[in-house]
Amino acid sequence: QVQLVEGGGGLVQAGGSLKLSCAANGNIRDINGMGWYRQAPGKQRELVAIIRKDASTNFGDSVKGRFTISRDNAKNTVYLHMNSLKPEDTAVYYCHADAWETARWGYEHYWGRGTQVAVSS
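Summarised in this report is the structure supplied together with it. (Residues numbered from 1 in each chain as written. Predicted model: local features only at pLDDT ≥ 70, side-chain atom pairs only at ≥ 80, totals over all residues. Heavy atoms only, no water.)

**A word on the pattern of salt bridges**
Once the charged atoms of two side chains with opposite charge are near each other, the side chains can pair. Under the convention used in this document: Just to be clear on terms, a salt bridge is a Lys or Arg side-chain nitrogen sitting within 4 Å of an Asp or Glu carboxyl oxygen. Helix and strand definitions here come from DSSP, where helices need a minimum of 4 consecutive H or I residues and strands a minimum of 2 consecutive E residues; each element is numbered from the N-terminal end.
Tallied over the entire structure, the rule returns six salt bridges. Residue Arg66 is joined to Asp89 by a salt bridge in which the shortest nitrogen-to-oxygen separation is 2.8 Å. You can see Arg66 sitting in the loop between strand E6 (57–59) and strand E7 (67–72) and its partner Asp89 sitting in the loop between strand E8 (77–82) and strand E9 (91–101), a full 23 residues away along the chain. Taken together, the shared-partner salt bridges in this structure form one network comprising Arg38, Glu46, Arg66 and Asp89.

**Some thoughts on the pairing of strand E4 (residues 28–39)**
The two faces of a sheet get side chains in turn, since along a regular strand they alternate between them. Definition in use: Pairing between strands requires that DSSP locate at least two bridges from one strand to the other.
Here nine bridges tie E4 to E9, and the two strands are oriented antiparallel to one another. Its bridge partner being in E9, Asp30 is matched across the sheet by Trp100. As paired strands, E4 and strand E5 (residues 46–51) are joined by five bridges and run antiparallel to one another. Paired with Met34 across the bridge in E5 is Ile51. Where E4 folds back onto E5 in an antiparallel hairpin, the turn is made up of six residues, including Gly42, whose phi is positive at roughly 80°.

**Here we look at the state of the cysteines**
Selection criterion: The disulfide definition used here is simple: a pair of cysteine sulfur atoms within 2.5 Å. Only protein chains enter the accessibility calculation, which uses a 1.4 Å probe; a residue whose area is less than 20% of its type maximum is buried, one above 50% is exposed, and one in between is partly exposed.
Throughout the structure, instances matching the rule amount to one disulfide. In this model Cys22 forms its disulfide with Cys95; the gap between the sulfur atoms is 2.0 Å. Around the S-S axis, the bridge from Cys22 to Cys95 shows a dihedral of about -85° and counts as left-handed. Of this pair, Cys22 sits in strand E3 (residues 18–25) while Cys95 is found in strand E9, placing the two residues 73 residues apart along the sequence. By the burial criterion, Cys22 is buried, and Cys95 matches it.

**A few points about the side chain of Glu101**
Quick note on the threshold: The positive count covers Lys and Arg only, the negative count covers Asp and Glu only, and His and the chain ends enter neither. Throughout, a contact is declared for two residues whenever any of their heavy atoms are within 4.5 Å.
Counting through the fold element by element, Glu101 comes out in strand E9. Arg104 is the oppositely charged side chain nearest to the buried, salt-bridge-free Glu101, at an N-O distance of 4.6 Å. Filtering out sequence-adjacent residues up to four positions away, Glu101 remains in contact with Gln1, Val2, Asn27, Ile28, Arg29 and Tyr110.

**Observations regarding the environment of Met82**
As for its position among the elements, Met82 is in strand E8. Distance in space between the C-alpha atoms of Met82 and Gly16 is 8.3 Å, their sequence separation being 66 residues. Contacts of Met82, omitting those with residues within four sequence positions, involve Gly16, Ser17, Leu18, Leu20, Arg66, Phe67, Tyr93 and Val117.

**A short note on the pairing of E5**
Both E5 and E6 contribute to a ladder of three bridges, which runs antiparallel. Counted as the bridge partner of Ala49 is Phe59 from E6. Hairpin connection between E5 and E6: a loop of five residues separates the two successive antiparallel strands, and Ala55 in this loop has a positive phi of roughly 80°.

**Points about unusual backbone geometry**
Although it is not a glycine, Ala55 sits at a positive phi angle of roughly 80°. Take Ala55: it is sitting in the loop between E5 and E6. We note that Ser84 has phi near 50°; this positive angle belongs to a residue other than glycine. Tracing the sequence through the fold places Ser84 in the loop between E8 and E9. Judged by relative accessible area, which is 43%, Ser84 ranks as partly exposed.

Right under this line is the structure:
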């Protein structure tokens, strides 16, 4: 079983910064994409950022130029660096990974439990 353990959420003032981390634990053969999605109250879950093992990235339009994503493949860990935070960034942030568990036949989707990010105006 692959588990995603998230950390780093909290409360910050508008204009501030936060760093989220997500570590994938378990019997993992390989991880392709790792990244973050978020869901605000009453809204659908949306892509924040993803980074693949070849280091290519994708960002949601609302965070481009403010957020960056990085990855430590040796630690199966992904980091989301959030700068110039806005109140509209307030949401539960969920870690996601396309991982291949050693006992399975291929890549599957895994989700973390979510970490709250709140940005005050």
